Amino acid sequence: MIRKTMLAAAVTAVTALPAYAADVIHKISPHSVTETIDRLAAAVEGAGATVFARVDHAAGAAKVDMELRPTELLIFGNPKLGTPAMLDNQTAGLDLPLRVLAYADSEGVVHVTYHAPASLAATHGLPADAKYIMMMTGALDKLTSKAVAAE
């Protein structure tokens, strides 16, 4: 019985991986983590959205005498998009405002990642074809593309 349970858990974990990978968007940045997040913040503000917070995970790790490669999170949004999502289901507020993570891997390559807004719809039972989901998708792509552009 234990073997069946372990096997079932392993199958569940393996089959869950593709769903996770499909829900997370990855881009590579030619800039440092800090510069990438600076560029993203500028793009966000230039688009009329609000930067709510910037989290430097590596600095937090350093405060507890731990080392973490450069890792920063930008939290931002636009109430014109987020509020309609929360009107459809207030639990969307768990995943709003939007978040983008930039981090350096062990080889120094800077990655930019974020959850696809379609996963927000799936998680919170929002209409997949809602205009705000399409607008969030387009905005995240445009803003992160500006952040990772060579110039």
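Each chain carries its own residue numbering, running from 1 in the direction its sequence is written. Totals for whole chains, interfaces and linings use every residue, but because this is a predicted model, local features are given only for residues with pLDDT of at least 70 and side-chain atom pairs only at 80 or more, for both listing and counting. Neither water nor hydrogens contribute to the side-chain values; these are computed over all heavy atoms in the structure.

Draft legend 1. Quick look at helix H6 (residues 131-148). Taking 1.5 Å of rise per residue, 18 residues should cover 26 Å, and H6 covers 26 Å from first to last C-alpha, within 8% of that figure. When accessible area is computed with a 1.4 Å probe and restricted to protein chains, residues below 20% of their type maximum are described as buried, those above 50% as exposed, and intermediate ones as partly exposed. Helical segments are the DSSP runs of H or I of at least four residues, strand segments are the runs of E of at least two, and each set is numbered from the N terminus. Within the sequence span of H6, burial applies to Tyr132, Ile133, Met136, Leu140, Leu143, Thr144, Ala147 and Val148. What you see down the axis of H6 is that its buried residues fit within an arc of 125°, all on one side. Of the residues in H6, the exposed ones pointing more than 90 degrees away from the buried face are Lys131, Met134 and Lys142. In this scheme, a helix's expected span is set at 1.5 Å multiplied by one less than its residue total. For this quantity, the arc is that covered by the directions from the helix axis to the C-beta atoms.

Draft legend 2. Region of interest: the sheet that holds strand S1 (residues 24-29). A pair of strands is treated as paired once DSSP finds two or more bridges between them. With respect to topology, 5 strands assemble into an open sheet ordered S1-S5-S4-S3-S2, the strand pairing being antiparallel. Looking at strand neighbours, the two that pair on one side only are S1 and strand S2 (50-56), the edges of this open sheet. Each adjacent strand pair in this sheet contributes to an overall mean axis angle of 20°, direction not counted. In the sheet, S2 pairs with strand S3 (residues 71-77) via 6 bridges, with the strands oriented antiparallel. Bridge pairing in S3 links Ala53 to Ile75. Its contacts with the sheet put helix H2 (residues 33-46) on S1, S2, S3, strand S4 (98-104) and strand S5 (110-115), and the angle it makes with S3 is roughly 5°. Only the contacting stretch of a helix is used when fitting its axis, a line to C-alpha atoms as for every element, and angles between N-to-C directions run 0 to 180 degrees. In this description, contact between two residues means that some pair of their heavy atoms is separated by no more than 4.5 Å.

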